[in-house]
Amino acid sequence: HARMERNSHDVACAVRAGANILLFELLQFEFPPLLEVDDDGNTPLHYVARFEPALVDIVLGVIGTEWRRALLMRNKRGQTPGDMLTPLVEQ
């Protein structure tokens, strides 16, 4: 996950910083929350699951009725956001 830690996308930075208000504003007004934020296919919810699970309510609140789809989205390694919560996810 070193690439996730180095990603300079605004959403990735907000998640890693735990900046809940900034994350909400980015997802609400600038960046669609179901889009990928890196070349590995990770969405904002993947980043939240990996770095700051306490922000999950913000992401799901912005996503609204698409929450099930967001939870099932897989990155290019086949991982869902839920998979990113486990300590078994390797670099």
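Relevant structure appears above.
Remember, predicted model here, so these are calculated numbers, not experimental data. (Residues numbered from 1 in each chain as written. Predicted model: local features only at pLDDT ≥ 70, side-chain atom pairs only at ≥ 80, totals over all residues. Heavy atoms only, no water.)

*Asks:* When you look at helix H4 (residues 44–51) in this model, what are you seeing that I'm missing?
*Replies:* Given 3.6 residues to a turn, an α-helix orients residues that are three or four positions apart in the same direction. Extensive coverage of H4 is indicated by the burial of 6 of its 8 residues. All buried positions along H4 are accounted for by Pro44, Leu45, His46, Tyr47, Val48 and Ala49. Packed against the buried residues of H4 are helix H1 (2–6), helix H2 (10–17), helix H3 (20–30), helix H5 (56–63), helix H6 (67–72) and helix H7 (81–84). (Buried < 20%, exposed > 50% of the residue type's maximum accessible area, 1.4 Å probe, protein only. Helix = DSSP H or I, 4+ residues; strand = E, 2+ residues; numbered from the N terminus. Contact = heavy atoms within 4.5 Å.)

*Asks:* What exactly am I supposed to notice about the pattern of salt bridges here?
*Replies:* Pairing is possible between side chains of opposite charge, provided their charged atoms come close. If you walk through the whole model with that rule in mind, you get 3 salt bridges. Ionic pairing is found between Glu5 and Arg50, a salt bridge with its closest N-O pair at 3.4 Å. Here the residue Glu5 occupies a position in helix H1, and Arg50 occupies one in helix H4, the gap between them amounting to 45 residues. For Glu5, a relative accessible area of 42% puts it in the partly exposed group. According to the relative accessible area criterion, Arg50 is partly exposed, its value standing at 27%. The residue Arg69 makes a salt bridge to Glu66 at a minimum N-O spacing of 3.5 Å. Here Arg69 falls in the partly exposed class, since its relative accessible area comes to 48%. (Salt bridge = Lys/Arg side-chain N within 4 Å of Asp/Glu carboxyl O.)

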